[in-house]
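Below are the chains, spelled out letter by letter.
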Amino acid sequence: MPTEQRPPVSRRKLGLFGMLAGIALIVVVITGIRSREEASAKLRDWTDDQAIPTVAVAVPDAKVLNATLDLPGRLEAYYRAPIFARVSGYLKGWSADIGARVKAGQVIAEIEAPDLDQQLLQGRADLASQEASAKLSEATLTRRQSLIASNFVSMQEIDERSADLSNKKAAVNSGQANVERLEALAGYKKITVPFDGVVTARDTDVGALINAGGGTGPAMFVVSDITKLRVYVNIPQSYVPAIRIGAKAVISMPEYPNRTFAATVEASSQSVDVGSGTTRMQLALDNAGGELMPGGYANVRMSLQRDAIPLHIPASALIFNQNGLRVATVGADDKVLFKAVTIARDLGKDIELASGISADDRIIIAPPDGIADGDQVRVAGAKGNKPAKVSEKQDVKG
């Protein structure tokens, strides 16, 4: 059979097919390049977008808080008198032990002072001798004056006798003063109570050697008036302006866990102790029932008074570094602005600021590491106008 022959493809058709294939290849290449550029641009935009940190903000809370300050205090008797001996000797006896209630002027001990007794006897004898000498000098002067008219004595002798009488009288006055001094000292052989109170200490006993004065040992007795007590508290310097004379305080004692006692700020030292940075304040506490004991520990809760409404921020907003204590705020353009602040009180989770910010500042609650002035940020959630949560009552632990 004869072979069937296909018709030859024309050159024009082959050229057309080649042209179409080239155009398709060019379109594919252009489309690929464009898609890569678009993907790269999207990646750049996404990367730049992710580089802007998202922060949570809050405005300072200007709510008035019923703030109190808890500090340790020490109770002391309103009047306290350590009793020392004024004369030396041996204790003859005592009649009031610790815890005894005593009255002003009551004799609670007696001292034997034989040395003082002998000095008093000697002083009286010397006084008697001086009085006799003065009496003799006066009689002699009187007799000499009676002989002036007969010119038996000269005026020189009269003057000498007058001077001698003056000296003798001066000696009598000196001897009398010495006897009175010794009699006054002898009166101190009896130890008496200066005011109504309680004997809170006794550091002597019968037969003990007693040395006069208060620099050679402990006091024989300590008498305290405990119907009213003083409470001493050391106030940190930053809180002193908020505690005024006449302010009320609440005292609690470990021996009375379910009771409190009212006290009043009575005095301030008006100075700051260099070592502790505190000011000592004195409170008056009524103790007519005698339930509280001087020397005891007390917890003192004091109310703080402020002339202006303070601003509070979360403690996590504080930044402390080489630039000092600052907070990061967010401006209207969502850029970071650091502000230096001063702390008034540390309330634990919240901080009361004395200065540095205003009530409409947007504070970054938890600033991220590496954030700097002028950085662009994104505010999370709302527009950052919600106030930070602060409880209505705060207690500060001293």
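Everything numeric here is computed off the predicted structure, so don't read it as measured data.

Caption draft 1: Structural view of helix α2 (residues 114-146). Between its terminal C-alpha atoms α2 stretches 49 Å, which fits the 48 Å expected from 33 residues at 1.5 Å a residue. Among the residues of α2, those classed as buried are Leu116, Leu120, Gly123, Leu127, Ala134, Ser137, Thr140 and Leu141. Where α2 is buried, its residues contact α3 (155-187).

Caption draft 2: Just the environment of Val330, in detail. Within the fold, Val330 resides in strand β17 (residues 324-330). Distance in space between the C-alpha atoms of Val330 and Gly374 is 9.4 Å, their sequence separation being 44 residues. Residues in contact with Val330, not counting those within four places in the same chain, are Val55, Val57, Lys335, Arg362, Ile364, Val377 and Val379.

Caption draft 3: The confidence of the model for the chain, seen in detail. Here the chain shows a mean pLDDT of 82. Residues at 70 or above account for 85%. Across residues 382-398, where pLDDT falls below 50, the model places 44 contacts with residues more than four positions away in sequence or in other chains.

Caption draft 4: Fine view of a nonpolar patch on the surface. Together, Phe17, Met19, Leu20, Ile23 and Val27 line one region of the surface with nonpolar side chains, adding up to about 520 Å² of accessible area. Residue placement: Val27 occurs in helix α1 (residues 11-51). Exposure remark for Val27: the relative accessible area of 46% places this residue in the partly exposed category.

Caption draft 5: Just the sheet that holds strand β15 (residues 311-314), in detail. Strand order in the open sheet formed by three strands is β15-β20-β19, with antiparallel pairing between adjacent strands. Here the strands that pair on one side only, and so sit at the sheet edges, are β15 and β19 (342-346). Sheet twist, expressed as the average angle between the axes of neighbouring strands with direction ignored, equals 40°. Here β19 pairs with strand β20 (residues 350-355) via four bridges, running antiparallel. The partner of Thr342 across the bridge, within β20, is Ser355.

Caption draft 6: The arrangement of the packing of α2 against α3 in detail. One can describe the packing of α2 onto α3 by two numbers: an axis separation of 8 Å at closest approach and a directional angle of 160°. In terms of orientation, α2 lies roughly antiparallel with respect to α3. The two elements α2 and α3 cross, and the hand of that crossing is left-handed.

Caption draft 7: Representation of the pairing of strand β16 (residues 318-321) within the structure. As paired strands, β16 and β17 are joined by four bridges and run antiparallel to one another. Residue pairing in the sheet places Ile319 in a bridge with Arg326 of β17.

Caption draft 8: Structural detail: the nonpolar core. Formed by 29 residues in total, the largest nonpolar core has its most connected members in Ile235 and Leu283. It is strand β10 (residues 221-236) that contributes the most residues to this core, five residues altogether. One finds Ala85, Leu185, Val193 and Met220 within the second-largest nonpolar core, a separate group that totals 26 residues.

Reading the values: the criteria
- Residues numbered from 1 in each chain as written.
- Predicted model: local features only at pLDDT ≥ 70, side-chain atom pairs only at ≥ 80, totals over all residues.
- Heavy atoms only, no water.
- Helix = DSSP H or I, 4+ residues; strand = E, 2+ residues; numbered from the N terminus.
- Expected span 1.5 Å × (residues − 1).
- Buried < 20%, exposed > 50% of the residue type's maximum accessible area, 1.4 Å probe, protein only.
- Contact = heavy atoms within 4.5 Å.
- pLDDT = per-residue confidence, 0-100.
- Patch = residues over 30% accessible without salt bridge, like charges linked within 9 Å, V, L, I, M, F, W, Y side chains within 5 Å.
- Areas by Shrake-Rupley, 256 points an atom, 1.4 Å probe, with all protein chains shown as cover.
- Salt bridge = Lys/Arg side-chain N within 4 Å of Asp/Glu carboxyl O.
- Pairing = 2+ DSSP bridges.
- Axes fitted to C-alpha atoms, helices over the stretch in contact; angles between N-to-C directions.
- Parallel < 35°, antiparallel > 145°, perpendicular 65-115°, else oblique.
- Left-handed = near helix turned anticlockwise from the far one by under 90°.
- Core = buried A, V, L, I, M, F, W, Y, C linked by side-chain atoms within 4.5 Å.

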